[in-house]
Number of protein chains: 6
Amino acid sequence: MRLLVVNVNTTASMTEAIAASARAVASADTEIIGLTPRFGADSCEGNFESYLAALGVLDAVASYQEPYDAVIQAGYGEHGREGLQEVLDVPVVDITEAAASTAMYLGHKYSVVTTLDRTVPLIEDRLKLAGLDARCASVRASGLGVLELESDPQRAVEAIVAQSREAVERDHAEVICLGCGGMAELEEAVSAATGVPIVDGVRAAVTVAESLVRLGLSTSKSRTYAPPRPKQITGWPLPTSGR
Amino acid sequence: MRLLVVNVNTTASMTEAIAASARAVASADTEIIGLTPRFGADSCEGNFESYLAALGVLDAVASYQEPYDAVIQAGYGEHGREGLQEVLDVPVVDITEAAASTAMYLGHKYSVVTTLDRTVPLIEDRLKLAGLDARCASVRASGLGVLELESDPQRAVEAIVAQSREAVERDHAEVICLGCGGMAELEEAVSAATGVPIVDGVRAAVTVAESLVRLGLSTSKSRTYAPPRPKQITGWPLPTSGR
Amino acid sequence: MRLLVVNVNTTASMTEAIAASARAVASADTEIIGLTPRFGADSCEGNFESYLAALGVLDAVASYQEPYDAVIQAGYGEHGREGLQEVLDVPVVDITEAAASTAMYLGHKYSVVTTLDRTVPLIEDRLKLAGLDARCASVRASGLGVLELESDPQRAVEAIVAQSREAVERDHAEVICLGCGGMAELEEAVSAATGVPIVDGVRAAVTVAESLVRLGLSTSKSRTYAPPRPKQITGWPLPTSGR
Amino acid sequence: MRLLVVNVNTTASMTEAIAASARAVASADTEIIGLTPRFGADSCEGNFESYLAALGVLDAVASYQEPYDAVIQAGYGEHGREGLQEVLDVPVVDITEAAASTAMYLGHKYSVVTTLDRTVPLIEDRLKLAGLDARCASVRASGLGVLELESDPQRAVEAIVAQSREAVERDHAEVICLGCGGMAELEEAVSAATGVPIVDGVRAAVTVAESLVRLGLSTSKSRTYAPPRPKQITGWPLPTSGR
Amino acid sequence: MRLLVVNVNTTASMTEAIAASARAVASADTEIIGLTPRFGADSCEGNFESYLAALGVLDAVASYQEPYDAVIQAGYGEHGREGLQEVLDVPVVDITEAAASTAMYLGHKYSVVTTLDRTVPLIEDRLKLAGLDARCASVRASGLGVLELESDPQRAVEAIVAQSREAVERDHAEVICLGCGGMAELEEAVSAATGVPIVDGVRAAVTVAESLVRLGLSTSKSRTYAPPRPKQITGWPLPTSGR
Amino acid sequence: MRLLVVNVNTTASMTEAIAASARAVASADTEIIGLTPRFGADSCEGNFESYLAALGVLDAVASYQEPYDAVIQAGYGEHGREGLQEVLDVPVVDITEAAASTAMYLGHKYSVVTTLDRTVPLIEDRLKLAGLDARCASVRASGLGVLELESDPQRAVEAIVAQSREAVERDHAEVICLGCGGMAELEEAVSAATGVPIVDGVRAAVTVAESLVRLGLSTSKSRTYAPPRPKQITGWPLPTSGR
């Protein structure tokens, strides 16, 4: 099967890292296609950028011309998943939700450790809407920006490990979710430092997407995610070339 | 003061109706400016259209060149308010929230009566995120599309009245919120038929926006709605002309 | 229009301060009438005193002979608002609720900073009943009694500022509500010290009351706040003079 | 031991009925003293009357000159319990809470069947504040006023039985609480008709009060229910005679 | 009346201590019968042991040949109460729930202080299912195992007192529940050290069980706790002797 | 990999059906081993039988001598999953939870349609504890016993379809979970009749278990599910033969 793994920002190197991480857990017969939005911010660290990303992801998927079996939205705590579910027939998996529901199989409570403090409420809101917050012990910020994860990996590890330890010791988390699309390579270090299972959203989402495809299940079209009604829309879709 | 009242769809006649309704309750020294997005759907009835509207509203406000004191997002249950709060310094008021918190001063429980069934979950989600759902008795749909409110007002009144009565009798609502930006003119008929207070979101939002301005209060910039960090953004802002 | 702003305690100087604060934000054509209960405690700092205040406020309003357009109950976390809503036809606004719902337009979470620790549960209970607690980060106590706010303003500022800072830094509040009827003059100092918006309940309530009147809305009489049934009542109303 | 069972209304015959019901389950060495407020309404069916009752009960207890071991507030869904807890050292038991927590030992969910529809929100609010609402399936109204329970017992039985059946069949209640101080004599008929356990609040409260006394437990004075601070209070206590 | 007080572990000396504690508050005409499971762990400190205990308690009660009026399950946070309710006609009282609902009569919030940290989530889960968690300030662990309470009582007192103080000072608990079947003798010391009411679950449960019996109430058989349907069961009941 | 799929009842034909259903979605290199408890009820339809099953499943797994990679507890709404998580190092997946969290990827709300009405509260309780209830629209009962699903499949289809339709139309479910281990073969018929996605718990659990194994994740041993402490246990493990 073919899975589209769509980055939420315009940084192509991050798309590549995300796709590589996805491939590490994908089944042998699963092809991972990484997509980068044509417009938006080079990192998503707030609501404005996240709303841009919602459309950027929609556009990236709409512009992709080959068939595919499922779509993974590879941003943590971002807007847009509901829109994809409406316009697509294939399953859509948000990594925030995939991480949380995977973590809930592994321990009584989980925490999310993310980048900047300002993104904590976005993640909390996404978990609340998804109905996955009841067993969330905390969402903690490392204080590092998204792109610093790539540019200063050593400092990233230290900051994420420090907050993960706090999550375990103070908030009684038993599992840690890495709260950013580009954190997969920290998994081992954080696991070694804390002794608890570490869940990377992208990797979790790959297995969820494969599972839904294998089960023959996709988004219900009965109400919330019914296809958009036919109507006059201005300025969409964006032209697929030349922009 | 000057309030921007931004429609979420591209139907200019609806913008005019909304602005007229806003003017009916605005203070003498308040100027109401109705804005219509340059792109998006001619009515918002789902998540995809709502995400388009989130950017359409951001763009409409960004394109407006004069000073203003507050912004009202005149769509019921739509995405985007948090983005506006980040990029603007003036207060931002969403009509979904203005209606709900106004209704909560008037009765023990309130209901929302909206257009299509498919928009009910969007409104429920917005109220949940806003923390205004605890006293919401129900969100009910009349089954009419947004544009049918204008094209067939008599049928609209009947359908809204019927659902409002159900909300009062079955769900124990004591107040009804009209769940669409363009329903203000139904207020009187629904009130007469049900005997309970009817809250129109646009009108409520005008008084809330004026209140915040008069109190000298605006969005906290301390965390969630801090201004976007400086970064590279592609494709935004949209060119202000020629599109 | 004419608004009755009713103090919950018998300290006339506090009534005057509250009324002055209300006038500072009232519209030019709004007359603020401050009322002091004829009986009750000189400060409300607990349930017993608050229940006395519930009747004291009812009596003060019942004894007022002139017409008025709305009533503001100017006590934070006090009992009695529901009774006023039953017996009056005009809107009733509680400052606890006006502060909270105003704060919710300004930030993702808000905190209340009040006087004594023992009043914290009363405020929490009022917010829970009002359905305005979901985005309340914390209710914190300065440790000062109500009357100390007047007698030792410098110490009051320091204590309120200290707790407000804790609310912002530890509890992630983005807005602070001043949790006492007589704290309005602290607004500026607390705002300067914390950098977040500060909401005074009395001032917020004035704009809410004016808004409801302007919108032509008042308490729903359909169920919870229907007028009391005709019945035999002993000892009420209290004689309007000579007590 | 001696238990004060305080009616919330001024109808002495109801006080007698309540006291008789209490005696039917009291231990042999427990003396039941029924008290009737000196002022207030002849039945409590709304917030105004309930706030009067809060003070009426406080006054009735304050006026009682003999020693006693615990106080039962025998009104369903009424205000005032917190005030009693502050001013008294002995345990205070509210029948709304005693019924609910007794019912929770007996079935997965319980319902309350009360008098008028307008009192339903009061009961719901009391259960929410008491933290006893999570397993409440519904609060249903029979449509009969408090005093009709005495004046037309046959109709009362029919109405209560009808609503109890609905609670069991539609709301999945497994236990019914009789939601009024004066309903104890309906217990048998409702039980026979529905086949589920029926809890009368007064009777339940007697056993709770005896239990607390026997366990040597009383209200915590550490925070919420600490004794009122010394301060100037006007108009209280009421003169104990001549009124 | 005769109450079965069933220990959840196989340590007979603990059964004796529990029964003695129960007798200290039982009415003169109440006979307390302590039962020890024939199989299971010598202390319950986790889910596996608790599931063993669920059957061990069922077996102990099933093996008891004399008549009895109610059953108390004397383990804190343990599985099994719902099974007893199904197979028995007499009331069943779990000490976790009896302690919590007793505490709720005494203060605005309560905390539980238990043995090992690993049992905290079990207690939290039991309180959540019982719908008694809304006013639970915290569940805290002393770090001592169940059997250490007996073997090192002085250290037990110190550890429990230390956590109880934290519960009062940090978590704003106004009442402390002793979170283990064998803690009753600590009641006095903890009370003296904290100044708040201390609730022992076994003692509370005795008064609850007596109350239910006196009120003529028992488990509703209408739905959740209806008797098991007739069916083929293998390996149960266990042979009553020779094991 | 090898997955143990453990039936909760003693009916071997149901184990076979469950295992066959599991195999239908398992990966090519996954071996499904169906296990039947040595003791317990021939169907689980209540708490007593479910507590027996908790131990029956523990015993079945403990008696299995070969290596395995994960365990699926194939009972809907049953006790016992937490015990397995404590004693095992491999992942444990409960079908109730696997169905719910799979359904949550597919629609805004889901319902469960199960067998007897008396099992509804068990399922509701398991979903509440799992923190997966926020988006559960309803749990509905078909009125058929577990074994009737096998003995009268036509009637089963009709009853399940009827309740599924109610769930969609009245409760606004967008996805249906089949609430019994042995319902997988109804999937197609219910899907055809309702037009919404149908989730079978066993099949969903197979993909979840495979996903966890592939991700290298297993139960956190840091707190709740730490291995049982060394202690004296009587009567366990059961002898592995001769029973």
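Please read all numbers here as calculations on a predicted model, not as lab measurements. (Residues numbered from 1 in each chain as written. Chains lettered and ligands numbered in written order. Predicted model: local features only at pLDDT ≥ 70, side-chain atom pairs only at ≥ 80, totals over all residues. Heavy atoms only, no water.)

## Things to note about unusual backbone geometry
Glycine aside, a negative phi is what most residues show, and trans is what most peptide bonds show. Trp236(C) connects to Pro237(C) through a cis peptide bond whose omega is 0°. Following the sequence through the fold, Pro237(C) ends up in the segment after strand 10 (233–234). Positive phi, close to 65°, is recorded for His172(A), a residue that is not glycine. Counting through the fold element by element, His172(A) comes out in the loop between helix 7 (153–169) and strand 8 (175–179). (Helix = DSSP H or I, 4+ residues; strand = E, 2+ residues; numbered from the N terminus.)

## Quick word on the packing of aromatic side chains
Under the defined criterion, the tally for this structure stands at 15 aromatic pairs over all chains. When the centroid spacing of 6.2 Å and the interplanar angle of 50° are considered together, the rings of Tyr51(C) and Tyr51(D) count as tilted. A residue pair is termed interchain when its members come from two chains, as with Tyr51(C) in helix 2 (residues 47–63) and Tyr51(D) in helix 2 (residues 47–63). We note that Tyr51(C), like Tyr51(D), is buried. (Phe/Tyr/Trp six-rings, centres within 6.5 Å; stacked < 30°, edge-to-face > 60°. Buried < 20%, exposed > 50% of the residue type's maximum accessible area, 1.4 Å probe, protein only.)

## Here we look at the sheet that holds strand 9 (residues 198–200) of chain D
Residues and elements named next belong to chain D. Strand order in the open sheet formed by four strands is 7-6-8-9, and the pairing between neighbours is parallel. If you trace the sheet from one side to the other, it starts and ends with strand 7 (136–141) and strand 9, each paired once. Neighbour-to-neighbour, the strand axes of the sheet open up by a mean angle of 25°, direction not taken into account. Packing of helix 9 (residues 201–214) onto the sheet brings it into contact with strand 8 (175–178) and strand 9, and relative to strand 9 it is tilted by some 70°. (Pairing = 2+ DSSP bridges. Axes fitted to C-alpha atoms, helices over the stretch in contact; angles between N-to-C directions. Contact = heavy atoms within 4.5 Å.)

## A look at the interface of chain E and chain D
Counting residues at the interface gives 46 residues for chain E, matched by 46 residues for chain D. Summing both sides of the interface, chain E and chain D together bury roughly 3,600 Å²; the carbon and sulfur share of this comes to 56%. Run the count over chain E and chain D and you get two salt bridges. Close ionic contact of Glu210(D) with Arg214(E) constitutes a salt bridge, the shortest N to O distance being 2.8 Å. Where chain E touches chain D, the interface holds 19 residue pairs in polar contact (both at pLDDT 80 or more). Only strand 5 (92–94), helix 4 (95–103), helix 5 (120–130), strand 9 (198–200) and helix 9 (201–215) of chain E provide two or more residues apiece to the side of chain E that touches chain D. Looking at the side of chain E that touches chain D element by element, the count peaks at nine residues for helix 9 of chain E. (Buried area = accessible area lost by both parts, 1.4 Å probe. Salt bridge = Lys/Arg side-chain N within 4 Å of Asp/Glu carboxyl O. Polar contact = N/O pair within 3.5 Å; in protein donor to acceptor, adjacent residues only side chain to side chain.)

## Regarding the packing of helix 5 (residues 120–130) of chain C against helix 5 (residues 120–130) of chain D
The relative placement of two packed helices is expressed as an angle between their axes plus a distance between the axes. Where helix 5 of chain C contacts helix 5 of chain D, the axes come no closer than 10 Å and their chain directions differ by 130°. One finds that helix 5 of chain C runs oblique with respect to helix 5 of chain D. You can see that helix 5 of chain C and helix 5 of chain D cross each other, and the crossing is right-handed. Where helix 5 of chain C approaches helix 5 of chain D, its residues Asp125(C), Arg126(C), Lys128(C) and Leu129(C) are matched on the opposing element by Asp125(D), Arg126(D), Lys128(D) and Leu129(D). Its residues assigned to classes, the contact of helix 5 of chain C with helix 5 of chain D shows two nonpolar, no polar and six charged. (Parallel < 35°, antiparallel > 145°, perpendicular 65-115°, else oblique. Left-handed = near helix turned anticlockwise from the far one by under 90°. Nonpolar A, V, L, I, M, F, W, Y, C, P; charged D, E, K, R; others polar.)

## With respect to the interface of chain B and chain A
Every contact between the two is made by 49 residues of chain B and, on the other side, 49 residues of chain A. Considering only the surface of chain B that becomes buried against chain A, Phe48(B), Tyr51(B) and Arg118(B) emerge as the three largest contributors, covering 19% of it. Linking chain B with chain A are 10 salt bridges, by the criterion used here. Across the salt bridge formed by Arg229(B) and Glu45(A), the nearest N and O atoms sit 3.0 Å from each other. Linking chain B with chain A are 26 residue pairs in polar contact (both at pLDDT 80 or more), by the criterion used here. Put simply, the parts of the chain that give the side of chain B that touches chain A at least two residues each are strand 3 (40–41), helix 2 (47–63), helix 3 (81–87), helix 5 (120–130) and strand 10 (233–234) of chain B. Considering only residue class, the side of chain B that touches chain A consists of 20 nonpolar, 13 polar and 16 charged. Relative to strand 3 of chain B, strand 10 (residues 233–234) of chain A is paired through two bridges, and the arrangement is antiparallel. Paired with Thr234(A) across the bridge in strand 3 of chain B is Gly40(B).

## Digging into the relation of the copies chain E and chain D
Overlaying chain E on chain D yields an RMSD of 0.0 Å, the required transformation being a rotation through 180° with an accompanying axial translation of 0.0 Å. The transformation relating the two chain copies, once decomposed into turn and shift, fits a two-fold axis. Looking at the interface residues of chain E, 100% of them are also at the interface in chain D, so both copies use one shared face. (Least-squares fit on C-alpha atoms with pLDDT ≥ 70 in both.)

## A closer look at the arrangement of the chains
With respect to C-alpha atoms, chain B approaches chain E no nearer than 15 Å, and the pair has no contact. The least C-alpha distance between chain C and chain F, which are not in contact, is 15 Å.

## Topic: the domain arrangement of chain A
All names here are of chain A. Per the domain assignment, the segments of chain A are domain 1 (2–94 + 203–215) and domain 2 (96–201). Here domain 1 and domain 2 have C-alpha centroids that lie 20 Å from each other. Taken together, the contacts link 27 residues of domain 1 with 27 residues of domain 2. Summing the contributions of domain 1 and of domain 2, the shared interface buries around 2,200 Å²; its carbon and sulfur component is 56%. Among the salt bridges present, the one from glutamate 187 reaches arginine 203, with a minimum N-O distance of 3.2 Å. Where domain 1 packs against domain 2, one counts 14 residue pairs in polar contact (both at pLDDT 80 or more). Mapped onto the side of domain 1 that touches domain 2, the elements with two or more residues apiece are helix 1 (12–25), helix 2 (47–63), helix 3 (81–87), strand 5 (92–94) and helix 9 (201–215). By residue class, the composition of the side of domain 1 that touches domain 2 is nine nonpolar, 11 polar and seven charged. (Domains from an automatic or database assignment.)

## Some words on the pattern of salt bridges
Any two side chains of opposite charge can pair, on the condition that their charged atoms come close. Throughout the structure, instances matching the rule amount to 90 salt bridges over all chains. Measuring nitrogen to oxygen at the nearest pair gives 2.7 Å for the salt bridge that ties Arg81(B) to Glu97(B). Highlighted residues: Arg81(B) in helix 3 and Glu97(B) in helix 4 (residues 95–103), separated in sequence by 16 residues. Both residues of the pair, Arg81(B) and Glu97(B), belong to the buried class. Salt bridges sharing partners connect three or more residues here, namely Glu45(A), Glu49(A), Arg229(B) and Lys231(B).

## Overview of the sheet that holds strand 5 of chain A
Residues and elements named next belong to chain A. If you trace the four strands from one edge of the open sheet to the other, you get 2-1-4-5, paired in parallel fashion. Of all strands in the sheet, those with a lone pairing partner are strand 2 (31–35) and strand 5, marking the two edges. When the angles between neighbouring strand axes are averaged without regard to direction, this sheet yields 20°. Along the sheet, helix 1 makes contact with strand 1 (2–7), strand 2 and strand 4 (70–74), crossing strand 2 at roughly 165°. Of the strands in this sheet, strand 1, strand 2 and strand 4 touch helix 2, which is tilted by about 145° from strand 1.

## Focus: the pairing of strand 1 (residues 2–7) of chain C
Residue and element names in this part refer to chain C. With six of its six residues buried, strand 1 lies for the most part within the structure. Residues Arg2, Leu4 and Val6 point to one face of strand 1 and Leu3, Val5 and Asn7 to the other, with burial holding for every one of them. The pairing of strand 1 with strand 2 (residues 31–35) spans five bridges and is classified as parallel. For leucine 3, the partnering residue across the bridge sits in strand 2 and is isoleucine 32.

## So, the relation of the copies chain B and chain A
Taken as rigid bodies, chain B and chain A are interconverted by a rotation of 180° and an axial shift of 0.0 Å, the fit giving an RMSD of 0.0 Å. Interface overlap between copies: 100% of the residues of chain B at the interface are likewise at the interface in chain A, consistent with a symmetric, same-surface contact.

## What to know about the pairing of strand 8 (residues 175–179) of chain F
All names here are of chain F. Burial of strand 8 is extensive: five of the five residues sit out of reach of the surface. Burial along strand 8 is two-sided: the face carrying Val175, Cys177 and Gly179 and the face carrying Ile176 and Leu178 are both buried. Here strand 6 (residues 110–114) runs beside strand 8; their pairing, made up of five bridges, is parallel. If you follow valine 113 over to strand 8, its bridge partner there is leucine 178.

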